[in-house]
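Each chain, written out:
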Amino acid sequence: MEKLKFLRKNIVIFVVAIIAIIVISIIIRYSVEGETNLPFRVSKIMLISNAGRNSGRFTRK
């Protein structure tokens, strides 16, 4: 009986460790490679910014 508890405990720990390793490897792979299968096609990216301009709308006088 004691041996069976020990075996079950080790099997559960092993399965949880394998699942954790798989999840961590997927997270690292996604972080390095990024999304490869986008649901849309990105052809052009336009960046619009007015960080350098002072239009006077939000300035204090």
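One structure accompanies this document, and this report is about it. Treat the numbers as computed from the prediction; the structure is a model and nothing was measured.

With that out of the way, let us pick up the overall build of the protein. A count of helices and strands for the protein gives 1 helix and 0 strands. Each of the 61 residues in the protein was classed as buried or not, and the buried ones make up 0%. As displayed, the protein has an accessible area near 6900 Å², and 63% of this comes from carbon and sulfur atoms.

With 32 residues, helix 1 (residues 2-33) extends 47 Å between its outermost C-alpha atoms, agreeing within 8% with the 46 Å of an ideal straight helix rising 1.5 Å per residue. Phi turns positive, to about 80°, at Gly-34, one or two residues after helix 1.

Cut-off values and rules
- Residues numbered from 1 in each chain as written.
- Predicted model: local features only at pLDDT ≥ 70, side-chain atom pairs only at ≥ 80, totals over all residues.
- Heavy atoms only, no water.
- Helix = DSSP H or I, 4+ residues; strand = E, 2+ residues; numbered from the N terminus.
- Buried < 20%, exposed > 50% of the residue type's maximum accessible area, 1.4 Å probe, protein only.
- Areas by Shrake-Rupley, 256 points an atom, 1.4 Å probe, with all protein chains shown as cover.
- Expected span 1.5 Å × (residues − 1).

Nothing here speaks to function; it is all geometry.
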